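# Coordinate analysis (summary)
Listed below are the residues making up each chain.
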Amino acid sequence: MLGGLTLSPLMAVLLTPPAAAQSADISQKVKAECAACHTETGNSIALPFPKLAGLAPDYLAKQLRDFVSGARKNEIMFPIASQLSRADITALADYFSRQKRTPAMVTKPQLLAAGEIVFHQGNKENGVPACAGCHTRNGAGAPRFPMLAAQNPDYVVQQLQNFRSGARTNDFGKLMRTTVSRLTDDEIQAVAQYIASVPPPAGR
C-alpha cells in the first residue's frame, strides 16, 4: 500500500528498485563500511578481523543484529551496524555469504597437531567436546554454527577468550561459553591454528 492505496502488481514492480541498482548500492556500502577491515570479498588479511566470506547469511544477519542490540558487544561494529537498515543487514549478509573464502595464514605450525586433536576429538579428561561435533569435520559449519575453516587464527583466539571470560554471550544455548570454559590457553591457541589450516569447503 502507498498512502493508504493498494498498489497494483504492475505499480509494485515499477516502484521496486532494479536488482542491478540494489546490487550497486550494496557494493558501495561494502566499500564504504566493510572493506577497510574485511576487504570487499570478506577475506580479511588483518588477522584480528574475521573472514566473512562464505558464512551462512542467517548467521551473518544475526551477528549484525546482535551488535545493534548489544547482545554482542564490539566498540568498532556497534556504530557501523547501528546505521544499517533491516534491508541493509539482509543484503550484506547475502553478499558476503556468496563470496569465496580464501585459505588462511597459519602462524604457529608447531601447534597444528595438538589443535587437530582438540578439533576432532576434544578433551575427554576436561569434558571438552570436539569442535567438529557442531562445526562439522571439514569446518563447514551448520545452520546455527558458523563455518570455521580457514578463519583467521588471531580472531578465533580472541573470540574463544571472549566466550570464556563472558565478554561475548550471544552463543546458542551457552554452548560456546560452556565448552571454552574447559579449554586451556594452550588448547585455545592450538585449535585456532588448526582451524586456520583447514581448507575452505568446496563452493564456500
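### Here's the deal with the overall build of the chain
Looking only at helices and strands, the chain features 10 helices and 0 strands. Sequence separation of 24 or more characterises 68% of the internal contacts of the chain that already satisfy a separation of 6 or more. When the accessible surface of the chain is split by element, carbon and sulfur atoms take 60% of a total near 11400 Å².

### As for the packing of aromatic side chains
Counted under the stated rule, the structure contains 3 aromatic pairs. On the basis of an interplanar angle of 50 degrees and a centroid distance of 5.5 Å, the ring pair of F119 and Y194 is categorised as tilted. Here Y194 lies in helix α10 (residues 185–197) and F119 lies in helix α6 (residues 112–121), a separation of 75 residues in the sequence. Taking 6.3 Å as the distance between ring centres and 75 degrees as the angle between the ring planes, the aromatic pair formed by F145 and F172 counts as edge-to-face. Placement of the pair is F145 in the loop between α7 (132–135) and α8 (153–165) and F172 in the loop between α8 and α9 (175–180), with a sequence separation of 27 residues.

### Considering the nonpolar core
Formed by 37 residues in total, the largest nonpolar core has its most connected members in V30, L64, L92, F96 and F119. For this core, the secondary-structure elements that each account for two or more residues are α2 (19–38), α3 (57–69), α4 (77–81), α5 (86–97), α6, α8 and α10. Aside from chain neighbours lying at most four places away, what touches F96 is V30, C34, T39, E40, T41, G42, L52, A53, G54 and L60.

### Digging into α8
Relative to the 18 Å expected for 13 residues at 1.5 Å per residue, α8 spans 18 Å between its end C-alpha atoms, a close match to the ideal helical length. Along α8, the positions that sit buried rather than exposed are P153, Y155, V156, V157, Q159, L160, N162 and F163. Tucked into the core, α8 has its buried residues touching α9 and α10. Downstream of α8 by a residue or two, G166 has a phi angle that is positive, lying close to 90 degrees.

### Examining the state of the cysteines
One pass over the structure, following the stated rule, counts 0 disulfides. With no disulfide of its own, C134 lies closest to C131 among cysteine sulfurs, the gap being 8.9 Å.

### A word on the packing of α6 against α10
When two helices pack together, their arrangement is given by the angle between the helix axes and by the axis-to-axis distance. Their axes nearest at 7 Å, the elements α6 and α10 cross at an angle of 90 degrees. Relative to α10, the element α6 is oriented roughly perpendicular. Across the interface between the two elements, L112, A114, G115, E116, V118, F119 and H120 from α6 touch E187, A190, V191, Q193, Y194, I195 and S197 from α10. A breakdown of the residues in the contact of α6 with α10 according to their chemical character gives 8 nonpolar, 4 polar and 2 charged.

### A look at the side chain of N123
Positionally, N123 belongs in the loop between α6 and α7. The exposure class of N123 is buried, given its relative accessible area of 16%. At 3.1 Å, the side chain of N123 forms a polar contact with the backbone nitrogen of E125.

### Notes on unusual backbone geometry
With the exception of glycine, most residues fall at negative phi, and the peptide bonds are largely trans. For T39, which is not glycine, the phi dihedral falls at a positive 65 degrees. Turning to its location among the elements, T39 is positioned in the loop between α2 and α3. The residue K174 is not glycine, and still its phi comes out positive at about 60 degrees. Here K174 is to be found in the loop between α8 and α9.

### Considerations on the packing of α8 against α10
At a minimum axis distance of 8 Å, the contact between α8 and α10 shows a crossing angle of 140 degrees. Relative to α10, α8 is oriented oblique. You can see that α8 and α10 cross each other, and the crossing is right-handed. Every residue of α10 that contacts α8 at P153, V156, V157, L160 and R164 is listed here: D185, I188, Q189, V191, A192, Q193, I195 and A196.

### Thoughts on the environment of R177
Looking at the secondary structure, you find R177 in helix α9. Sequence spacing of R177 and S165 is 12 residues, and the spatial spacing of their C-alpha atoms is 8.3 Å. Contacts of R177, omitting those with residues within four sequence positions, involve F163, R168, T169 and D171. Looking at R177, its side chain comes within polar contact range of the side chain of D171, at 2.7 Å.

Cut-offs applied
Residues numbered from 1 in each chain as written. Predicted model: local features only at pLDDT ≥ 70, side-chain atom pairs only at ≥ 80, totals over all residues. Heavy atoms only, no water. Helix = DSSP H or I, 4+ residues; strand = E, 2+ residues; numbered from the N terminus. Contact = heavy atoms within 4.5 Å. Areas by Shrake-Rupley, 256 points an atom, 1.4 Å probe, with all protein chains shown as cover. Phe/Tyr/Trp six-rings, centres within 6.5 Å; stacked < 30°, edge-to-face > 60°. Core = buried A, V, L, I, M, F, W, Y, C linked by side-chain atoms within 4.5 Å. Buried < 20%, exposed > 50% of the residue type's maximum accessible area, 1.4 Å probe, protein only. Expected span 1.5 Å × (residues − 1). Disulfide = S-S within 2.5 Å. Axes fitted to C-alpha atoms, helices over the stretch in contact; angles between N-to-C directions. Parallel < 35°, antiparallel > 145°, perpendicular 65-115°, else oblique. Nonpolar A, V, L, I, M, F, W, Y, C, P; charged D, E, K, R; others polar. Polar contact = N/O pair within 3.5 Å; in protein donor to acceptor, adjacent residues only side chain to side chain. Left-handed = near helix turned anticlockwise from the far one by under 90°.

Any functional reading would require information beyond the geometric quantities listed.
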